[in-house]
2 protein chains.
Amino acid sequence: MTSDIVPDIVPDIVISRLPWYLQALNQMAKEGMHTVSSKMLAERVGSTAAQIRKDLSYFGGFGKQGTGYSIYILIDQLQQILNLDRIWRVAIVGAGDLGRALARYQGFANRGIDVVLIFDNHPNVVGKKVGSITVRHVDTMVDSILELGIKMAILTVPGDAAQSTAECLVMAGVKAILNYTPQTLKLPADVHVQNIDPVLQLQRMMYYLGNNQ
Amino acid sequence: MTSDIVPDIVPDIVISRLPWYLQALNQMAKEGMHTVSSKMLAERVGSTAAQIRKDLSYFGGFGKQGTGYSIYILIDQLQQILNLDRIWRVAIVGAGDLGRALARYQGFANRGIDVVLIFDNHPNVVGKKVGSITVRHVDTMVDSILELGIKMAILTVPGDAAQSTAECLVMAGVKAILNYTPQTLKLPADVHVQNIDPVLQLQRMMYYLGNNQ
């Protein structure tokens with residue numbers, strides 16, 4: 001189904017924008033809209049109409065000149081391209097404040113993500129419930145993940161445990177890691193890593209604040 | 001001091017990479033290294049030597065051909081460019097799981113960020129301590145932020161409160177918001193917003209996992 005609309009090579013920066021477009025389109029659908037121009041979508045996501053048309057052109061033409069895009073068709077196509085037409089099971093490693101907050105995060109369920117495993121190594125939290133999931137000991141991580149065939153993990157361990165834990169995840173067959181630790185992970189090229197570090201995002205904005213403070 | 005090395009217009013994508021470079025350089029300094037080539041730095045951050053040289057060239061030449069960069073000079077310059085040669089006080093709005101986790105986050109203190117205010121509207125948390133800070137009622141937010149002259153805030157309120165809370169922050173003089181809500185904020189152009197949404201980052205990786213699951 002998907003293969004006929006996904007070309008071989010799309011720049012990663014284009015891929016990174018598709019979830020934004022999808023989110024804005026879902027919001028528009030909720031508001032009762034049926035069609036959207038690239039200009040309207042651009043306004044929602046803070047981009048330009050030209051950028052959006054160029055990004056979408058990698059996947060063929062979705063809209064007719066002048067009439068805009070059907071929101072529902074565009075949502076459907078983006079979901080197929082991003083492989084969101086299924087539920088992705090995810091493991092969280094590290095059941096500290098952040099890991100627990102993510103395990104309880106309401107925004108996953110209706111956007112295709114199902115947190116099914118949580119691991120930690122601290123006796124105070126192993127065996128405890130976080131939401132509906134019992135925290136397992138990290139020693140059982142590789143086996144549990146292999147058994148369920150999980151490919152995505154969220155890493156919220158302390159920085160000094162990040163690299164070794166990530167290597168275990170790769171051994172267990174994980175191919176995508178959302179890395180909340182401040183460590184840059186060195187992993188095989190076929191493992192995808194996205195880093196979320198609030199400090200780096202704040203520092204980026206400090207540039208613009210200049211001598212404002 | 002800074003003005004002589006910061007040109008007027010640097011692409012935002014270049015700015016977004018500087019905190020990464022700085023983080024890798026700090027790590028190298030910790031490891032006892034004194035000089036670094038653009039190739040070595042590129043390996044650390046998963047980039048290319050050409051990209052790094054081009055990015056740094058916006059701010060003048062920091063290194064000599066063939067001998068690489070002095071790590072300490074480069075750290076010092078990047079800190080000046082990013083305005084990290086001071087402490088930035090930050091307010092967190094929303095003292096739920098995520099807000100509390102961020103308030104206690106160990107990675108802020110030694111990277112120039114000082115969380116000094118936390119707000120919520122729920123009677124169960126207002127008045128309670130999170131780390132060393134007492135949660136204040138969000139009704140006092142504008143006054144407190146104005147009084148302290150705070151320019152940066154972290155937004156961890158529920159999505160349906162995001163836009164109105166962000167508008168209050170702007171009224172209070174905040175110029176940079178790290179937005180953890182799934183809402184796209186519509187704010188004046190001089191207010192900088194960075195969005196952290198784990199779902200968007202996970203969805204981006206799902207593209208590459210394809211039919212792997």
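For the structure, see preceding data.
Residues numbered from 1 in each chain as written. Chains lettered and ligands numbered in written order. Predicted model: local features only at pLDDT ≥ 70, side-chain atom pairs only at ≥ 80, totals over all residues. Heavy atoms only, no water.

Colleague: Sorry, what's going on with the sheet that holds strand β5 (residues 129-130) of chain B here?
Modeller: Within a sheet, neighbouring strands are paired by backbone hydrogen bonds and run either parallel or antiparallel to one another. All names here are of chain B. On the basis of which strands lie adjacent, the open sheet formed by seven strands has the order β5-β6-β4-β3-β7-β8-β9 and mixed pairing. Where the open sheet ends on each side, the last strands, each with one partner, are β5 and β9 (192-195). Pairing of strand β3 (residues 88-93) with strand β7 (residues 152-155) involves four bridges; the strand directions are parallel. Counterpart to Ala91 in the pairing with β7 is Ala153. On top of the sheet, helix α7 (residues 162-171) reaches β3, β7 and β8 (176-179); it is set at about 170 degrees to β7, its chief contact. (Pairing = 2+ DSSP bridges. Helix = DSSP H or I, 4+ residues; strand = E, 2+ residues; numbered from the N terminus. Contact = heavy atoms within 4.5 Å. Axes fitted to C-alpha atoms, helices over the stretch in contact; angles between N-to-C directions.)

Colleague: Honestly, the relation of the copies chain A and chain B in this entry has me stumped. Any pointers?
Modeller: These two copies of the chain differ by a rotation about an axis and a displacement along the same axis. The transformation that overlays chain A on chain B combines an axial shift of 0.0 Å with a rotation of 180 degrees, and the residual RMSD is 0.0 Å. Expressed as a symmetry operation, the mapping of one chain copy onto the other fits a two-fold axis. Among all residues of chain A, the minimum C-alpha distance to the rotation axis is found for A:Leu98, at 3.2 Å. (Least-squares fit on C-alpha atoms with pLDDT ≥ 70 in both.)

Colleague: Help me understand the interface of chain A and chain B, please; the structure alone is not making it clear to me.
Modeller: Across the boundary between the two partners, chain A contributes 63 residues, which contact 62 residues of chain B. Between chain A and chain B, a total of about 6,700 Å² is buried, with carbon and sulfur atoms accounting for 64% of that surface. Our count for the chain A to chain B interface comes out at six salt bridges. Between A:Asp12 and B:Arg204 there is a salt bridge, with its nearest N and O atoms 2.4 Å apart. Those elements that provide at least two residues to the side of chain A that touches chain B are α1 (12-30), β3 (88-93), α5 (97-103), β7 (152-155), β8 (176-179), β9 (192-195) and α8 (198-209) of chain A. When the residues that make up the side of chain A that touches chain B are grouped by side-chain class, the tally is 36 nonpolar, 15 polar and twelve charged. (Buried area = accessible area lost by both parts, 1.4 Å probe. Salt bridge = Lys/Arg side-chain N within 4 Å of Asp/Glu carboxyl O. Nonpolar A, V, L, I, M, F, W, Y, C, P; charged D, E, K, R; others polar.)

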